[in-house]
Amino acid sequence: MGKRVAIIGTGQTNHCSSREDVNEMELVYEAASAALMDAEMTIQEIDAVVLANMELFEGRALPDMWCGEGAGAFMKHSFKISTGGTSGTSGAISGYYHAASGLFDTVMVVGFEKHSDGNTAAGMALTDPFWDRHIAAAAIGNFALSVSEYMADRGVTKEQSAKVAVKARRNACNNPHAHLQMPHLTVKEVLESPILAYPIHRLEMCPQSDGACAIIFASEKIAQKKCPRPAWVRAAVTRHDHIYLGEVKHRLATMRSLRAAAKSAYGIVGIREPIKEFDVAEIYDPLTYAEIAWYEALGFCRDGEGGRLVDDGITQMDGELPVNPSGGVISTNPVGASGTIRVAEAALQIHGRAGKRQIPDVNLALATGYGVYCWSDVIILSSKPG
C-alpha cells in the first residue's frame, strides 16, 4: 500500500447554479486557497497538484491548461484526471498514490466544474449512436431505463425514493456550501414535481452546479506535524465496467464496478459489517434511486432491502449509519468536483470540523465516486493510520 498518507486540509467554494463573478481559474483558486488556509500551509509547501474535471462541460477542451495556475501548479508537477462523474474521486485517488509512492510529501487535488459556461450536451456521446441514443441520451435517459428495471427487480417504491430527496435537501441546510437547501421539502412535493423521464421526478435528480473543492494529502511526518486529527487513507480503489447499456442486465441493481471496488477496499481494511463499522458515509448519489441501490451494492444491507433502510431511518443524520450529511450530489453537483466533495466531507467528519453536519465520534468514514455507469471509486478514511 506504500507510505502512510492522510488528508490534512480541505476547501470548497459555495456551490450554486451560476458563478458569473468568476472564471474557471478563479473558481479553482478559491477552493485551493481555502484548503491551504485550512491546513495552515502556503502554496510553496505543496509539491504536486492534481486537477479533476468532467472535460467539455464548460464547452472547452483541456481546461487544465487554463486552470492549473489557479491551483498553484505553476512550475510544479501537475496531473489532470477526467473519468466522468468519478473525476473528483479519481483525482483524489491519484493524489493519494502520488503521496503514497514517496515521491511527493504534499499533494493538492482540486476538482472543479463551471456548468454555467457551457452545457451537458457532451453526455450524448456517452451512449451508442445506433442502439441507445434515441431512447437513453445522456444521464436522465440512461437512469430512467435503469430505475424502471431496478424498481421491478428490487421492489423499491416511489415514496422511498422521495424520502431520500427529502433527507438530502434537509441535510444540505446544515452545509453552508450546498447548492439546493430545502428545509421544508415533503414527499408529496417531490412526487408532484415534473417528470423528467419516467419514473424520475425533477426533485429526485441532482442539479447542475458551479463549484470547486480542494484536498491536501500529506506524508505521515508532515500530517502528524500539521494536523491535530489527520484523516488517514486506509484504502483507495477504483474499478471499471462496460459502458454500453446492453452489456449488463439490471445495471443499476447489479452495479458490478461498485461492488467489486467495495469488496477490494473492505478487504484491505478488514471491514466485515459495513453498516456497523462505518460511522458515516458520503456516497455519490446522482439521483435518489441510485442512493438506495448503492446501499445494497456497498453491503449496507442485502439486495432488495435498500428501501427498508430508508423507511427505518437508518441513513438519517441520527441513524445507525448516516449517509450524506452534506446533502450529497442530489443537493450539489459541480461534476468534476462532486467526487472530491465526497472525500473532503468524509475527511471533515474525521477532523471533527464539519460544523452543523458533524456526526459525533467519527473514526471510520466511507466515500465513493460514480461515473457514467462504468467507473466506481471507493475510499476509506480513518482517524488511525492502521
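The model shown is predicted, which means the values in this text are computed figures rather than measured ones.

> Hey, could you run me through the pattern of salt bridges in this one?
Where charged atoms from two side chains of opposite charge approach closely, those side chains can pair. Under the counting rule described, the total for this entry stands at 21 salt bridges. A salt bridge links Arg259 to Asp303; its shortest N-O distance comes to 3.0 Å. Placement of Arg259 in helix α10 (residues 256-269) and of Asp303 in the loop between α12 (288-297) and α13 (306-311) is noted, with a sequence separation of 44 residues between them. Looking at Asp303, the relative accessible area reads 40%, which means it is partly exposed. If you follow the salt bridges from partner to partner, you end up with Asp153, Arg154, Arg259, Glu296 and Asp303 in one network.

> In this structure, what is going on with unusual backbone geometry? I would like to understand it.
Among all residues save glycine, negative phi is the norm, and among peptide bonds the norm is trans. A cis amide bond, omega 5 degrees, links Tyr198 with the succeeding residue Pro199. Considering the arrangement of structural elements, one finds Pro199 in the loop between β5 (195-197) and β6 (200-201). For Glu40, which is not glycine, the phi torsion reads 55 degrees and is therefore positive. The residue Glu40 is located in the loop between α1 (24-39) and β2 (48-52) in this model.

> Honestly, a nonpolar patch on the surface in this entry has me stumped. Any pointers?
Together, Leu62, Met65 and Trp66 line one region of the surface with nonpolar side chains, adding up to about 390 Å² of accessible area. Turning to its location among the elements, Trp66 is positioned in helix α2 (residues 63-67). Take Trp66: its relative accessible area is 55%, and that puts it in the exposed class.

> Any chance you could explain α12 here in plain terms?
Along an α-helix, residues three or four apart share an orientation, since each turn contains 3.6 residues. Burial analysis of α12 places 10 of its 10 residues in the buried class, the great majority of the element. Looking only at α12, the buried set comprises Thr288, Tyr289, Ala290, Glu291, Ile292, Ala293, Trp294, Tyr295, Glu296 and Ala297. Immediately downstream of α12, the backbone of Gly299 shows phi near 80 degrees, a positive value.

> What's the story with the sheet that holds strand β4 (residues 106-114) in this structure? I'm lost.
By way of backbone hydrogen bonds, the strands of a sheet pair with one another, either parallel or antiparallel. One open sheet accounts for nine strands, arranged β3-β2-β4-β7-β1-β8-β11-β10-β9; its pairing is mixed. A strand with exactly one partner marks an edge of an open sheet, and here the two such strands are β3 (77-81) and β9 (280-282). Along the sheet, successive strands turn relative to each other by an average axial angle of 25 degrees, direction set aside. In the sheet, β2 pairs with β4 via five bridges, with the strands oriented parallel. The residue of β4 that forms the bridge with Val50 is Val109. Strands β1 (5-12), β2, β4, β7 (210-219), β8 (231-240), β9, β10 (364-371) and β11 (375-382) of the sheet are contacted by helix α15 (residues 335-351), whose axis makes an angle of about 115 degrees with β1.

Reading guide: rules and limits
Chains are numbered independently. Their residues run from 1 in the order of the written sequence. For this predicted model, a pLDDT threshold of at least 70 governs which residues receive local features, and a threshold of 80 or more governs which side-chain atom pairs are given and counted, while totals over whole chains, interfaces and linings are taken from all residues. Heavy atoms from the whole structure form the basis of all side-chain values; hydrogens and water molecules are not counted. Salt bridges are counted wherever a side-chain nitrogen of Lys or Arg sits within 4 Å of a carboxyl oxygen of Asp or Glu. Secondary structure is summarised from DSSP: a helix means a run of H or I of at least four residues, a strand means a run of E of at least two, and numbering begins at the N terminus for each. Exposure is judged per residue with a 1.4 Å probe applied to protein chains only, and the accessible area is read against the type maximum: over 50% gives exposed, under 20% gives buried, and values in between give partly exposed. Put simply, a patch holds well-exposed residues, over 30% relative accessible area, that have no salt bridge, with like charges counted together within 9 Å and Val, Leu, Ile, Met, Phe, Trp or Tyr side chains within 5 Å. Note on areas: these come from Shrake-Rupley sampling with a 1.4 Å probe, and a residue is covered only by the protein chains present in the view. Paired strands, in this sense, are two strands between which DSSP finds at least two bridges. In this analysis, axes come from line fits to C-alpha atoms, helices being fitted only over the stretch in contact, and the angle between any two N-to-C directions falls in the range 0 to 180 degrees. Any two residues whose heavy atoms approach within 4.5 Å at even a single point are treated as in contact.

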